[in-house]
Amino acid sequence: MTDFRYVGPPRLGRGLDRHQRIDQTAHRAVHGEFRRRGLRELLALAEEVDLRGRGGAAFPFARKLKAVVSAARRQDAQTVVLVNATEGEPASAKDKLLMSRAPHLILDGAMLAALALGAREVVIGVTDGGRAGRSIRSAVVESNLGGFVRVVRLPERFVTGEGGALVNGVNGAPALPPGRKVRAADRGVDGLPTLLSNAETFAQLALLSQLGADLYRAIGTPEEPGTVLLTVWGPSGRPVVVEAPAGTPLFQVLDLGRADVGQGVLMGGYHGAWLTPTAANRARVSRADIARAGAALGAGIILPLAADVCPLGEVARVAVYMGMETAGQCGPCRLGLPALARSLRALAEGDSRSEALAAVRQGMQVVKGRGACHHPDGTSRFIASALEVFEEDVATHLAAGGCGRPVRGLLPIDGEEAAAEESEDTGLRLTVDWTRCAGHGLCGHLVPDLVSLDEHGFPVVESTSVPRRLLRQAHQAIEMCPALALRFRDP
């Protein structure tokens, strides 16, 4: 179970010192009776405290609500409330803690919005099939909302949490980002105007309704009132969820996670950016202050990197994961990110050194602003920030081929056992029949992990056997070779 700690009196976590899980009866005792609010009243509350989304983008909640109302009137359509509780970012644990231990706060917030909108239904998108998923389903039953609220299980992938991917998944399509931007407020669940926001956002809305604007903004900063939920990773390799008023010093939050700034602190997860130790020691936990320090608060992920590990190796490991977690719908995702990860891994392992660094920089430029979703941009931002903050380590790798420190897997990645299985060798190797090959170069584009192209466009095949994760692409390259020159050979 994820530990919960707090700075000052907790709000979202109120009662968690006495209850492992706050059921409906305990929830009413802790937070009071549910009070329905009209649309104008709810909008006024959200605007008065400038309630922002807690899923990463920090979009003003009142503006989303107004957009849904406007679209519904324009289309003469019903509305839907969609709770994003997928938490696909492997370094985040705050929403799972809310679902596991305080699910009725999420439900209250979603019902406030649904009743104010006159919505057709509430949908809660989850990826967790364990305790968190069971808890939110139980909360729906405890509240007798089974006919109005439905919980939809989606694949546990990084891109599932993207708004368009979530809507696609709920609608029965693959949970992948759409190729073009479609606002959920205009066309979401079943094509209806949909109010889509993060699980913590709805929990904060419930608190705001119970406390009122004045009491809600009694803590935090004038620009960012209230508390934030943060996922803090310490030396134990396990997350701690911390609730703190906005404006709390970052070092104080790290201390609650038994951590210090180490070599640097990652803010905002794997689409976020790194802070130097000096910047981290000066920063406060608020959107504005973290932005001034050079990063973003995002979904509240705080990940310090210990001094005894190889920064480049840790970052390269995540880059490989991010390359595998793409939607695979555009060139920057399908080809650009895996190539970027290979170059970064080569730099970390001391291969091709300066050439690898040049390839990393070129790879970031190639994918920037060209993806069908934000995944390539977010990943390249994470890598670019690492190259800047860990500049000395990069120089050491360039000069000596490594820094001598191990990669310990401190940056969490989902499904590492499955990934290891996917990396197992099949025993098959690719080979080229040079009596047939005409240098079309298609194989180098279809399976770049195994085939590169020389200066004349002819294939250079890796001598290693094909890992299981690349077997499908290898078969495709063989089948699509125009000259029928590519084939498998036994080891």
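Above: the structure in question.
Because the structure is a prediction, the values reported are computed rather than measured.

### Structural notes on unusual backbone geometry
The phi torsion of most residues other than glycine is negative, and most of the peptide bonds are trans.
Part 1: Even without being glycine, N144 reaches a positive phi, approximately 55 degrees.
Part 2: Among the structural elements, N144 can be located in the loop between α6 (131-142) and β4 (149-153).
Part 3: For D190, which is not glycine, the phi torsion reads 55 degrees and is therefore positive.
Part 4: Relative to the helices and strands, D190 resides in the loop between α7 (163-170) and β5 (194-198).
Part 5: By relative accessible area, D190 is classed as partly exposed at 46%.

### With respect to the packing of aromatic side chains
Part 1: Under the counting rule described, the total for this entry stands at five aromatic pairs.
Part 2: Between F4 and Y6, the ring centres sit 5.8 Å apart and the planes meet at 35 degrees, which makes this aromatic pair tilted.
Part 3: Given the relative accessible area of 38%, Y6 is considered partly exposed.
Part 4: Through a chain of ring-to-ring contacts, three or more aromatic side chains come together here, namely Y270, W274, F382 and F390.

### Quick notes on the nonpolar core
Within soluble globular proteins, side chains that are nonpolar generally end up buried alongside one another.
Part 1: In this structure, V81, V122, I124 and L195 are the most contacted members of the largest nonpolar core, which totals 59 residues.
Part 2: Not counting residues within four places of it along the chain, the set of residues in contact with V81 comprises A110, A113, A114, L117, A119, E121, V122, V123, L195 and F202.
Part 3: F158, L337, L344 and L411 belong to the second-largest nonpolar core, a separate cluster that totals 40 residues.

### Topic: the sheet that holds strand β12 (residues 301-305)
Part 1: Taking strand neighbours across the sheet as the criterion, the six strands line up as β1-β7-β6-β12-β9-β10 in an open arrangement whose pairing is mixed. Of all strands in the sheet, those with a lone pairing partner are β1 (3-6) and β10 (273-275), marking the two edges. On average, adjacent strands in this sheet sit at an angle of 30 degrees to one another, irrespective of strand direction.
Part 2: Relative to β12, strand β9 (residues 264-267) runs antiparallel, the two sharing four bridges. Within β12, the position partnered with M267 by the bridge is I302.
Part 3: Its contacts with the sheet place helix α16 (residues 375-389) against β9 and β10, and it is angled at close to 25 degrees to β10.

### Side note on the side chain of S197
Part 1: In this structure, S197 sits in strand β5.
Part 2: When its relative accessible area of 3% is taken as the criterion, S197 is described as buried.
Part 3: For S197, the residues in contact, after removing those within four places along its chain, are F61, K64, L82, V83, N84 and F202.

### A word on the sheet that holds β5
Part 1: Strand order in this open sheet of four strands is β4-β3-β2-β5, and the pairing throughout is parallel. Since the sheet does not close on itself, it has two edges, and those belong to β4 and β5, each with one partner. Direction aside, the axes of adjacent strands within the sheet are offset by 20 degrees on average.
Part 2: For strand β2 (residues 80-85) and strand β3 (residues 121-126), the ladder comprises six bridges, and the chain directions are parallel. By the bridge assignment, A85 is partnered in β3 with V126.
Part 3: Against the sheet, helix α5 (residues 103-117) contacts β2, β3, β4 and β5, and its axis sits at roughly 160 degrees relative to β2.

About the thresholds
- Residues numbered from 1 in each chain as written.
- Predicted model: local features only at pLDDT ≥ 70, side-chain atom pairs only at ≥ 80, totals over all residues.
- Heavy atoms only, no water.
- Helix = DSSP H or I, 4+ residues; strand = E, 2+ residues; numbered from the N terminus.
- Buried < 20%, exposed > 50% of the residue type's maximum accessible area, 1.4 Å probe, protein only.
- Phe/Tyr/Trp six-rings, centres within 6.5 Å; stacked < 30°, edge-to-face > 60°.
- Core = buried A, V, L, I, M, F, W, Y, C linked by side-chain atoms within 4.5 Å.
- Contact = heavy atoms within 4.5 Å.
- Pairing = 2+ DSSP bridges.
- Axes fitted to C-alpha atoms, helices over the stretch in contact; angles between N-to-C directions.

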